[in-house]
Amino acid sequence: MAYQKVSVTELQPGSYVVEVVEQRGDIIVKHAGWVRSQQAIAQLQAKGVQTVLVDPARFLPGEEPVPTPAPEKTAPVATEPETTPARHLFADEWPRAEKALLQSQRVQQLVLEATRSQQPIDLMLVHEVSAGLSDSVSRNQDVLLCLTRIAEQSDSLLQHSVNCAVYIAAFAKFINLPSDRSKTLITAALLHDVGKALKPELMNQADHAAIGTSLAALQRNKDLAGQVSLWISQHCALLDGSGSPPIKGNQIAKGSQMLAIVNQYEKLTNPANSNQSPVAASRYLLSLTPLQLDAELLQLFIKCIGVYPPGTVVKLTTGKLALVLENNPKKPTQPKVKLFYHSVHQHHIVPKVMDLSRQQEEHIEGCVDLKKYGLDVRNYL
């Protein structure tokens, strides 16, 4: 059943609020939850809440008063965190990021198997994975991005879901979303395509065709956060109303807009689909702004992962090939790379890590598919 937009003056005790849609002032109630009394409704009004999204399929008959979630100041999208944790070295974070990624793949396999057998998903495991990915990107997001890009997985649905989760973990951290919201977004990314596991024929159809099946499968999980269902239900919506569902502008939740960007980018750059270069994918998505995708959010995402994301193989103007290790948000076209091969002379060179922003000789000419040289990128980490 579709969510309904309701004025706070018409809100009834027993309703399940998925998300605050419109409000006045600088504070927001972040958490979805039950509204169990008239007093709770009055408190929402006092905080400036004007309209909310409710799930009509979830309703309680009683009116037992419970504490209302405490409001929190919203963080501006583009601000830096007030206190930034010390960045871990690439080599130090590698084993932990690798463990987090392997755990994500194992749990996602269980998620898809549960969906195929029409059983509830073990959300505790999913939440643990979401927390692990969030923690890893907090220490050094480039390591997990690099591992994700070079990973090979026979199950394309599993790989897409995990890749989206990693991208959105990095994205959420970059724009300084609160930790609990970031983890909920990661959960949404892991679960957004579960309907395709139940009906494999949906794999060859437009993404929006699977939304109803995915939401139906997720309804078996009573403890699933309402925001997860909301973000999944809207992740194929476009700002001009041409997407699905046909809502537009600020009717689309920010989490859904972020998931839409991540979902499209991953599909464009995944070898199982079109296998476009990161540069070509970014250019295409930028062409969809501002009519269909939010220009500011997309620019932030590109700045977050880089024009040449970690794990990308690039060719330098000297003919040398290099693996991108770390993004440079201030100079996205000049990341830190590891040189390993000379494409002109066709031989390996002594591996060397180089920060392209600190020298003038080497510049990136473009992205390279290393398989054309008969080489495996995983041998050069």
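Values in this document were obtained by computation on a predicted structure and should not be read as measured data. (Residues numbered from 1 in each chain as written. Predicted model: local features only at pLDDT ≥ 70, side-chain atom pairs only at ≥ 80, totals over all residues. Heavy atoms only, no water.)

Caption draft 1: The overall build of the protein chain, seen in detail. The number of helices and strands found in the protein chain is eleven helices and eleven strands. Out of the 381 residues belonging to the protein chain, those deemed buried represent 51%. For the protein chain, restricting intrachain contacts to residue pairs at least 6 apart in sequence, the fraction spanning at least 24 positions comes to 66%. Accessible surface, the protein chain as shown: approximately 18000 Å² in total, 52% of it carbon and sulfur. (Helix = DSSP H or I, 4+ residues; strand = E, 2+ residues; numbered from the N terminus. Buried < 20%, exposed > 50% of the residue type's maximum accessible area, 1.4 Å probe, protein only. Contact = heavy atoms within 4.5 Å. Areas by Shrake-Rupley, 256 points an atom, 1.4 Å probe, with all protein chains shown as cover.)

Caption draft 2: Layout of the confidence of the model for the protein chain. Averaged over every residue, the pLDDT of the protein chain is 87; residues scoring 70 or more account for 90%. Taking the mean pLDDT of every element in the protein chain, the minimum, 38, falls on strand 6 (residues 72-73) and the maximum, 97, on helix 9 (residues 254-269). This stretch, residues 62-83, has a pLDDT under 50; its non-local contacts, to residues over four places away or in other chains, come to 36 contacts. (pLDDT = per-residue confidence, 0-100.)

Caption draft 3: Layout of the environment of Asp92. Relative to the helices and strands, Asp92 is located in helix 2 (residues 90-116). Taking the C-alpha atoms as reference points, Asp92 and Val143, separated by 51 residues in sequence, lie 9.6 Å from one another.

Caption draft 4: How the structure looks around helix 2. With 27 residues, helix 2 should reach 39 Å at 1.5 Å per residue; the first-to-last C-alpha distance of 38 Å fits that figure. Maximum bend of helix 2: about 25 degrees, positioned at Arg96. Gln118 sits one or two positions beyond helix 2 and adopts a positive phi of about 55 degrees. (Expected span 1.5 Å × (residues − 1). Bend = angle between axes of the 7 residues up to and from the residue.)

Caption draft 5: Spatial organisation of the sheet that holds strand 11 (residues 364-367). The strand order 10-9-8-7-11 describes an open sheet built from five strands, whose pairing is antiparallel. Looking along the sheet, the strands with just one partner apiece sit at the ends: strand 10 (347-355) and strand 11. Within the sheet, the average angular offset between the axes of one strand and its neighbour, ignoring direction, is 30 degrees. The pairing of strand 9 (residues 336-342) with strand 10 spans six bridges and is antiparallel. Bridge pairing in strand 10 links Leu339 to Lys352. (Pairing = 2+ DSSP bridges. Axes fitted to C-alpha atoms, helices over the stretch in contact; angles between N-to-C directions.)

Caption draft 6: The arrangement of the packing of helix 5 (residues 179-191) against helix 8 (residues 226-234) in detail. Contact pair helix 5 / helix 8: the axes reach a minimum separation of 9 Å and the direction vectors enclose 50 degrees. As judged from the angle between their axes, helix 5 and helix 8 are oblique. Seen from above, helix 5 lies across helix 8 with right-handed handedness. Touching Arg181, Thr184, Leu185, Thr187, Ala188 and Leu191 of helix 5 are Gln227, Val228, Trp231 and Ile232, all from helix 8. Residue classes in the contact of helix 5 with helix 8 are distributed as six nonpolar, three polar and one charged. (Parallel < 35°, antiparallel > 145°, perpendicular 65-115°, else oblique. Left-handed = near helix turned anticlockwise from the far one by under 90°. Nonpolar A, V, L, I, M, F, W, Y, C, P; charged D, E, K, R; others polar.)

Caption draft 7: Spotlight on the side chain of Thr312. Here Thr312 is to be found in the loop between helix 11 (295-305) and strand 7 (313-316). Taking the relative accessible area as the measure of exposure, Thr312 reaches 2% and is therefore buried. Only 2.7 Å separates the side chain of Thr312 from the backbone oxygen of Pro309, close enough to count as a polar contact. Contacts of Thr312, omitting those with residues within four sequence positions, involve Arg149, Pro278, Ala322, Leu323, Val324 and Cys367. (Polar contact = N/O pair within 3.5 Å; in protein donor to acceptor, adjacent residues only side chain to side chain.)

Caption draft 8: Examining the nonpolar core more closely. Judged by nonpolar contacts, the single largest core of 96 residues is most densely connected at Leu133 and Leu191. Looking at this core, the element that brings in the most residues is helix 4 (residues 156-174), giving 13 residues. With residues near it in sequence (within four places) discarded, Leu191 still touches Val111, Ile121, Leu123, Leu218, Leu224, Val228 and Ile232. Counting twelve residues, the second-largest nonpolar core is a separate cluster that includes Val17, Val20, Ile41 and Val54. (Core = buried A, V, L, I, M, F, W, Y, C linked by side-chain atoms within 4.5 Å.)

Caption draft 9: Fine view of the packing of aromatic side chains. Overall, the coordinates contain seven aromatic pairs when judged by the stated rule. Each ring, one from Phe171 and one from Phe301, has its centre 5.2 Å from the other, and the planes form 55 degrees; the classification is tilted. In this pair, Phe171 sits in helix 4 while Phe301 sits in helix 11, placing the two residues 130 residues apart along the sequence. Exposure remark for Phe171: the relative accessible area of 0% places this residue in the buried category. Note on Phe301: relative accessible area 0%, which makes it buried. When the ring of Phe340 is compared with that of Tyr380, the centres are 4.2 Å apart and the planes differ by 20 degrees; the resulting orientation is stacked. Here Phe340, found in strand 9, pairs with Tyr380, found in the segment after strand 11; they are 40 residues apart in sequence, far enough to count as distant. On the basis of relative accessible area, Tyr380 is assigned to the buried category, the value being 11%. (Phe/Tyr/Trp six-rings, centres within 6.5 Å; stacked < 30°, edge-to-face > 60°.)

Caption draft 10: Unusual backbone geometry, seen in detail. In this model, Ser244 is joined to Pro245 through a cis peptide bond whose omega is 0 degrees. The linkage connecting Thr289 with the following residue, Pro290, adopts the cis geometry, with an omega of -5 degrees. Considering the arrangement of structural elements, one finds Pro290 in the loop between helix 10 (278-287) and helix 11. One non-glycine residue with positive phi stands out, namely Asn176, at about 65 degrees. With respect to the secondary-structure elements, Asn176 resides in the loop between helix 4 and helix 5. Here Asn176 falls in the partly exposed class, since its relative accessible area comes to 24%. Unlike most non-glycine residues, Gln346 shows phi in positive territory, near 55 degrees. Position of Gln346 among the secondary structure elements: in the loop between strand 9 and strand 10. Exposure remark for Gln346: the relative accessible area of 59% places this residue in the exposed category.

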